[in-house]
Amino acid sequence: MEPITINRTESKLRVAPEWADVCFTCGTCAGGCPVSGVDGMDPRKAVRMAALGLDQELIDSRFPWICTLCGRCEYACPQGVEILKMMRRARTLRERDKVPGPIHKGVAMCLERGNNLGIPKDDFLFLLADLSKEMDEDEGFPGFYAPVDKKGANIMVTVNSKEPFGEPDDMKFWWKIFYAAREDWTTTSTEWEGVNWGLFSGDDESMREITGRIVKHMEELECKRLLLPE
Amino acid sequence: MISVHDLLKEYIETGRIKVDKSIHEELTTIHDPCNYGRKSDKAFGHAFYEEPRWVTQQCCENFVEMHPNRANNFCCGAGGGAWAMPYEAERIYYGRVKAKQIMDTGAKMVIAPCHNCRDQIMKSLTKEFGMDIETKYLWELVCDSLVVEPWTEEEIKKANELRDAQYERDDIDLEDQEW
């Protein structure tokens, strides 16, 4: 076995330079982590890997991905080691085509077509109109419709694409509340996605771009408040 | 930017919407999502712990806490994109802790103020761990508790005009298309 050369200054994962020295390996993190033990996962091991310069090994491992980034370890750590930040950084450093599952594809789709699932504008607008008609005519909310690109609305509402895609009636929960509150709200015809998967894939640049588009729509429509879907 | 918690609380507090708590008699508990708790606290200096509890208790007669809760609450198991990632066995195993927390309360309804958490609890944990429980979004609970003050003829007429103008602008004809 080759000896490991520790290079503290060049570590890609050393987002908080003090961790290696301050982690006591006390196990407070591991004790409160529901995924400790799976695949030999232990937050302390991940911290040690980063501290010892095993950056690439950690980036290539399953640890940063079976971790749900819940932050309970970091919250509980008596030494303030930034475990959550390190795990997300390891996700960032994974090559994009090796990000597991659909989350990077969703980010790419969102950048290209304005929402994670690639729902076309015409389909979205027609769906909103169709659901609005149901509420207006059959469900006891006469006069209801879903306002789109309404200038000067009080609240601009973003949407979780899973709803128009697979659970469209769930959008009516908020719509009925808006109806009861007589709220002046609107959503946008494009780039209405409110779920930013860059948060999970570790892609800060895309997150910024997607968020920037929402801000741009808010400014153009002169809306006062922004509501995210959760 | 406004969070769902702030807006729901504002609507109820200022009387813009009315809710009837007698609709939900069953024992109800609430799940603290990591993103609205620990992570919001760290990123924005405020964790949404009390707002969803207050809103829930405006809509429910009987409330019970999970333990541990707030900053020490356990993740549902589907955070960080895990709901969409190909680690299903790990996600369900992770969720065993959440399932036990929920079952220990004896509640019949659990409120989730996060899409991911709701999907994990409702579509996965309920089945995997045989939980006898209903899961609702926080805003779904509010919606189901609404007492709607009917719109006047004038309000309806005005909204219809705005709708017609919007549909004309966007070229939407519901009669014309098959869905």
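Residues numbered from 1 in each chain as written. Chains lettered and ligands numbered in written order. Predicted model: local features only at pLDDT ≥ 70, side-chain atom pairs only at ≥ 80, totals over all residues.

A short note on the overall build of chain A
Scanning chain A from terminus to terminus reveals 13 helices and 3 strands. Its C-alpha atoms give chain A a radius of gyration of 22 Å, clearly above 17 Å, the size a compact globule of 230 residues would have. Dimensions of chain A along its principal axes, counting C-alpha atoms only, are 70 × 30 × 30 Å. Here the analysis covers contacts within chain A between residues at least 6 apart in sequence; of these, 73% occur between residues at least 24 apart. (Helix = DSSP H or I, 4+ residues; strand = E, 2+ residues; numbered from the N terminus. Rg over C-alpha atoms; globule rule 2.2 N^0.38 Å. Contact = placed C-beta atoms within 7 Å.)

Quick look at the overall build of chain B
When helices and strands are counted, chain B shows 7 helices and 6 strands. The secondary structure elements of chain B, listed N-terminal to C-terminal, are α-β-β-α-α-β-α-β-α-β-α-β-α. Projected onto the principal axes, the alpha-carbon positions of chain B cover approximately 50 × 40 × 35 Å. Out of the 179 residues belonging to chain B, those deemed buried represent 41%. At a minimum sequence separation of 6, the contacts of chain B that also span at least 24 residues come to 78%. (Buried ≥ 20, exposed ≤ 12 C-beta atoms within 10 Å, placed from the backbone.)

Focus: helix α11 (residues 171-181) of chain A
All names here are of chain A. α11 sits mainly inside the fold: 11 of its 11 residues count as buried. Every buried residue of α11 is listed here: Met171, Lys172, Phe173, Trp174, Trp175, Lys176, Ile177, Phe178, Tyr179, Ala180 and Ala181. A positive backbone phi angle near 55° is found at Arg182, which sits one or two residues after α11.

Regarding the confidence of the model for chain B
In the predicted model, chain B carries a mean pLDDT of 96, and 98% of its residues have values of at least 70. Both scores are given for the predicted complex: the pTM is 0.95, the ipTM 0.97. (pLDDT = per-residue confidence, 0-100.)

As for the environment of Cys76 of chain B
Residues and elements named next belong to chain B. Residue placement: Cys76 occurs in the loop between β3 (62-63) and α4 (88-105). Using a count of 34 C-beta atoms within 10 Å as the deciding quantity, one classes Cys76 as buried. Along the sequence, Cys76 and Lys98 sit 22 residues apart, while their C-alpha atoms lie 5.5 Å from each other. Ignoring sequence-local partners within four residues, the contact set of Cys76 consists of His31, Gly95, Lys98, Cys117, Gln120 and Ile121.

Regarding the environment of Glu140 of chain B
Along the chain, Glu140 of chain B falls in helix α6 (residues 138-145). In the structure, Glu140 of chain B is positioned 29 residues away from Ile111 of chain B in sequence and 9.0 Å away in space, judged by C-alpha atoms.

Focus: the interface of chain B and chain A
Counting from both sides, the interface comprises 50 residues of chain B and, opposite them, 42 residues of chain A. For the side of chain B that touches chain A, the secondary-structure elements that each account for two or more residues are α1 (4-13), α2 (38-44), α4, α6 and α7 (153-170) of chain B. A per-element tally of the side of chain B that touches chain A places α7 of chain B first, with 8 residues. Class assignment of the residues belonging to the side of chain B that touches chain A gives a composition of 34 nonpolar, 8 polar and 8 charged. (Nonpolar A, V, L, I, M, F, W, Y, C, P; charged D, E, K, R; others polar.)

So, the nonpolar core
In this structure, Ile83 and Ile177 of chain A together with Leu138, Trp139 and Val142 of chain B are the most contacted members of the largest nonpolar core, which totals 103 residues. Here this core takes 9 residues from α11 of chain A, the largest share from any one element. In terms of domain composition, this core takes at least three residues from each of domain 1 (19-94) and domain 2 (113-227) of chain A. (Core = buried A, V, L, I, M, F, W, Y, C linked by C-beta atoms within 7 Å. Domains from an automatic or database assignment.)

Overview of the pairing of strand β2 (residues 27-30) of chain B
Relative to β3 of chain B, β2 of chain B runs parallel, the two being bridged by 2 bridges. Looking at β3 of chain B, one finds that Leu27 of chain B is bridged to Asn62 of chain B. (Pairing = 2+ DSSP bridges.)

With respect to the sheet that holds strand β2 (residues 185-186) of chain A
Residue and element names in this part refer to chain A. The sheet built from 3 strands is open, its strands ordered β2-β1-β3 with parallel pairing. Every interior strand has two partners, whereas the edge strands, β2 and β3 (225-227), have only one. As judged from the 2 bridges shared by strand β1 (residues 155-157) and β2, these two strands associate in the parallel manner. Of the residues in β2, the one forming a bridge with Ile155 is Trp185. The strands touched by helix α13 (residues 204-221) are β1, β2 and β3; relative to β1, the strand with the most contacts, the crossing angle is about 145°. (Axes fitted to C-alpha atoms, helices over the stretch in contact; angles between N-to-C directions.)

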